[in-house]
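The lines below spell out each chain.
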Amino acid sequence: MSPVEPSGGKWLDAHYDPVAGLHTFSSCVDLADLSGDGESRLVVGDLGSGSSGGGMKLKVYRGTALMSESTLLDLPAGLVAFFMDLHEPRIPAVAVASGPCVYVYKNLRPYFKFTLPGLEVNSLEQMLLPAAPTMMDVTGQFDVEFRITVACRNGNIYILRRESDKPKYSIELSSHPVGLVRVGKNVVVGCSDESLQGFTQKGKKLWKAFLPAPITTMAAMDLPTRGFQAVLLGLANCEVHLYRDKNLLSTIKTPDVVSSICFGRYGREDGTLIVTTKGGGLMVKILKRTAAFDDRDGAPGPPLAQSIRLNVPKKTKLYVDQTLRERESGLSMHRAFQMDLSRLRLAAAKSYVEALESSLTPMSSSLTEPLKMNAVVQGLGPSFKLTLNVQNTAACRPVMNLAVSFLYDESLYRMRNPYMRIPLLVPGLIYPVETFVECTSDKGISDIIKVFVLHEGRSSPLLTAHINMPVSEGLTVN
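Predicted model, so just to flag it, every value in this text is computed and none were measured.

Asker: Just to check I follow, could you spell out the overall build of the protein chain for this structure?
Answerer: Across its full length, the protein chain carries three helices and 32 strands. For the protein chain, buried positions account for 40% of its 478 residues. Considering only contacts within the protein chain whose residues lie at least 6 apart along the sequence, 46% involve residues at least 24 apart. Summing over all exposed atoms, the protein chain offers an accessible surface of approximately 28100 Å²; the carbon and sulfur share of this is 55%.

Asker: Please clarify how the sheet that holds strand E18 (residues 215-223) should be interpreted in this entry.
Answerer: Two orientations exist for strands paired in a sheet by backbone hydrogen bonds: parallel and antiparallel. Ordered in space as E18-E19-E20-E21, the four strands form an open sheet in which the pairing is antiparallel. For this open sheet the edge positions go to E18 and strand E21 (247-253), each flanked by a neighbour on one side alone. When strand polarity is set aside, the average angle formed by the axes of neighbouring strands in this sheet is 20°. The sheet contact formed by strand E19 (residues 228-235) and strand E20 (residues 239-244) spans five bridges and is antiparallel. Paired with Leu232 across the two strands is Leu242, which belongs to E20.

Asker: Just to check I follow, could you spell out the sheet that holds strand E24 (residues 282-287) for this structure?
Answerer: Reading across the sheet, the four strands line up as E1-E24-E23-E22 and stay open at both edges, with antiparallel pairing between neighbours. The sheet is open, and its two borders are formed by strand E1 (11-17) and strand E22 (258-266), each paired with just one other strand. Direction aside, the axes of adjacent strands within the sheet are offset by 20° on average. Pairing of E22 with strand E23 (residues 269-277), which is carried by seven bridges, proceeds in the antiparallel orientation. Bridge pairing in E23 links Ile261 to Val275.

Asker: What is the right way to read the environment of Val284 from this model?
Answerer: You can see Val284 is positioned in strand E24. By relative accessible area, which is 6% here, Val284 ends up buried. For Val284, the contacting residues outside a window of four places in its chain are Leu12, Asp13, Ala14, His15, Tyr266, Thr272, Leu273 and Ile274.

Asker: What am I meant to see in unusual backbone geometry here?
Answerer: Glycine aside, a negative phi is what most residues show, and trans is what most peptide bonds show. For the bond running from Glu88 to Pro89, omega is -5°, close enough to zero to count as cis. Take Pro89: it is sitting in the loop between strand E6 (76-82) and strand E7 (93-98). Although it is not a glycine, Glu194 adopts a positive phi angle of roughly 60°. The class for Glu194 is partly exposed, based on a relative accessible area of 29%.

Asker: Just to check I follow, could you spell out the environment of Asn392 for this structure?
Answerer: With respect to the helices and strands, Asn392 occurs in strand E26 (residues 383-392). In sequence terms Asn392 and Glu369 are 23 residues apart; their C-alpha atoms lie 7.5 Å from each other. Asn392 has contacts with Pro370, Leu371, Arg397, Pro398, Val399, Leu425, Val426, Pro427, Gly428 and Leu429, leaving out every residue within four places of it along the chain. Within polar-contact distance, the side chain of Asn392 engages the backbone oxygen of Arg397 at 2.8 Å.

Asker: Just to check I follow, could you spell out the pairing of strand E8 (residues 101-106) for this structure?
Answerer: Strand residues, when the strand is regular, have side chains that alternate between the two faces of the sheet. Two strands pair when backbone bridges link them, and E7 and E8 are joined in this way by five bridges, in the antiparallel orientation. Looking at the pairing, Ala95 lines up with Val104 of E8. Note that E8 and strand E9 (residues 109-115) share six bridges and pair antiparallel. Across the sheet, the residue bridging to Tyr103 is Lys113, located in E9. A loop of two residues connects E8 with E9, the two strands running antiparallel in sequence, and Asn107 in this loop sits at a positive phi of about 55°.

Asker: Help me out: how do you make sense of the pattern of salt bridges in this one?
Answerer: Taken as a whole and judged by the stated rule, the model has 15 salt bridges. Residue Lys285 is joined to Asp13 by a salt bridge in which the shortest nitrogen-to-oxygen separation is 2.2 Å. Pair noted here: Lys285 is in strand E24 and Asp13 is in strand E1, with a separation of 272 residues, a long-range link.

Asker: I would appreciate a short explanation of the side chain of Asp33 in the present structure.
Answerer: Considering the arrangement of structural elements, one finds Asp33 in the loop between strand E2 (29-32) and strand E3 (41-46). We note that Asp33 is buried and unpaired, the nearest opposite charge coming from Arg41 at a distance of 4.2 Å. Among the polar contacts listed, one links the side chain of Asp33 to the backbone nitrogen of Gly38, at a separation of 2.9 Å. Dropping the residues within four chain positions of it, Asp33 is found in contact with Gly38, Glu39, Ser40, Arg41 and Pro92.

Asker: Got a minute to help me understand the side chain of Ser472 in this structure?
Answerer: Mapped onto the secondary structure, Ser472 falls in the loop between strand E32 (463-468) and helix H3 (473-477). If we skip the residues at most four places from it in the chain, Ser472 touches Leu380, Gly381, Pro382, Phe384 and Cys439.

Asker: Honestly, a nonpolar patch on the surface in this entry has me stumped. Any pointers?
Answerer: Taken together, the side chains of Met84, Tyr111, Phe112, Phe114 and Leu116 define a hydrophobic patch exposed on the protein surface, amounting to about 520 Å² of accessible area. Tracing the chain through its elements places Leu116 in the loop between E9 and strand E10 (133-141).

Asker: When you look at the packing of aromatic side chains in this model, what are you seeing that I'm missing?
Answerer: The geometry of an aromatic ring pair is captured by the separation of the ring centres together with the interplanar angle, meaning the angle of the planes. Going through the model one piece at a time under the given rule, you end up with one aromatic pair. Note that Arg90 overlies the ring of Phe83, its terminal NZ or CZ placed 4.4 Å from the centroid. In this structure, Lys106 is placed above the aromatic ring of Tyr111, and the distance from its NZ or CZ to the ring centre is 5.6 Å.

Asker: Looking at this structure, how should I read the environment of Gly190?
Answerer: Structurally, Gly190 can be placed in strand E15 (residues 186-191). On the basis of relative accessibility, which here comes to 0%, the residue Gly190 falls in the buried class. Between the C-alpha atoms of Gly190 and Gly179, which are 11 residues apart in sequence, the distance is 4.8 Å. Setting aside its immediate chain neighbours within four residues, Gly190 contacts His176, Pro177, Val178, Gly179, Ser195, Leu196, Ile215 and Met218.

Analysis parameters
- Residues numbered from 1 in each chain as written.
- Predicted model: local features only at pLDDT ≥ 70, side-chain atom pairs only at ≥ 80, totals over all residues.
- Heavy atoms only, no water.
- Helix = DSSP H or I, 4+ residues; strand = E, 2+ residues; numbered from the N terminus.
- Buried < 20%, exposed > 50% of the residue type's maximum accessible area, 1.4 Å probe, protein only.
- Contact = heavy atoms within 4.5 Å.
- Areas by Shrake-Rupley, 256 points an atom, 1.4 Å probe, with all protein chains shown as cover.
- Pairing = 2+ DSSP bridges.
- Axes fitted to C-alpha atoms, helices over the stretch in contact; angles between N-to-C directions.
- Polar contact = N/O pair within 3.5 Å; in protein donor to acceptor, adjacent residues only side chain to side chain.
- Salt bridge = Lys/Arg side-chain N within 4 Å of Asp/Glu carboxyl O.
- Lys, Arg positive; Asp, Glu negative; His and termini not counted.
- Patch = residues over 30% accessible without salt bridge, like charges linked within 9 Å, V, L, I, M, F, W, Y side chains within 5 Å.
- Phe/Tyr/Trp six-rings, centres within 6.5 Å; stacked < 30°, edge-to-face > 60°.
- Lys NZ or Arg CZ within 6 Å of the ring centre and 35° of its normal.

Okay, here's the thing in structure tokens:
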């Protein structure tokens, strides 16, 4: 079951405006301290509404009120707050990608416009990808080391590094990606088949979780004060799911389908969740300071302990020497092993043949009289009840003219019927043959009684069984 948040759960309902008129995506939402007063604002690139395509604006919210708005000339594709200089106080600027231009706003006013030139890309700066990119995540520094994770239209994800002009690693997905988020050193990908998958930065698959509905948006949740990192998912069933690895930690119900998610510092609260809905609503939730997330995995599958790496000890000198010996003498060691294996097989075959020839097995090897027998000894002594269960294992042929003979030490035991005839054996039925054995010795010792199943007119027995008789406890006590 999904851990749906009840009223008074981990989140506080700070604000909800169903008619805020915000139509945007997660890539066009950011939180930044635009005034340098320690209070973060909400910056939104609004796509506008209506068939005319107008109303595209850059909106800034402070608390629950709209602080300012600026008109955009084209649909915004992305928005980010960044620092342009090192002057104090550190006040970030806002860059908005809109059409073929990047607009930079400083102090909530237009500051610079950069138009992408229609020139050929420098060969030193060119990335060679098999398909057109749709999503991108960049980490690191350009002059030191960086990684670029790109999701392309062919359904694959490529990872590029600074020293190579071609993809270093490739991830082939079963369906097209709809979201890409980096969490620590791992990459979390949301796919169109309603699944969430985790990969290392080298493309190795770590886990896969299945979702109850298609993904509408994804965003990272980073809470440095607690050292907590996770992924927020907006789903088409009007829910927001919080995942850490493959573990579902929290579920939030929303009144409408979520279109964008942003988590960070808003106002003076570090753990604030900003959600916009498909109908243009704005929702603000604050994470409680006492909220604790349980890492228990509610999904079926192997336990979490199975994914913990074992502390394998380092290779010792003895192990290294043995490895070198096996590498140098591998051929002779293999020949010696094969020779010992052949000798073992020969000894087992000889013992099996001897058992068949002397009828020392509890099953008959005769095709005309296929028999099976087991013995049961009951009693504490000095009198024992000996029961032989004889069965004809043939498909439809009965067996007749059989007898049972016992061979034993007459100085230890006395038997009422040392020789008995067996009636006709119908296939499949078990026939019990019972007799009584009396121990005549008072020395507290025991011996073996041999049982032979014979066929009249033949010298060799069909079956032979050795019964280890128990010590007579009655005589021992007396």
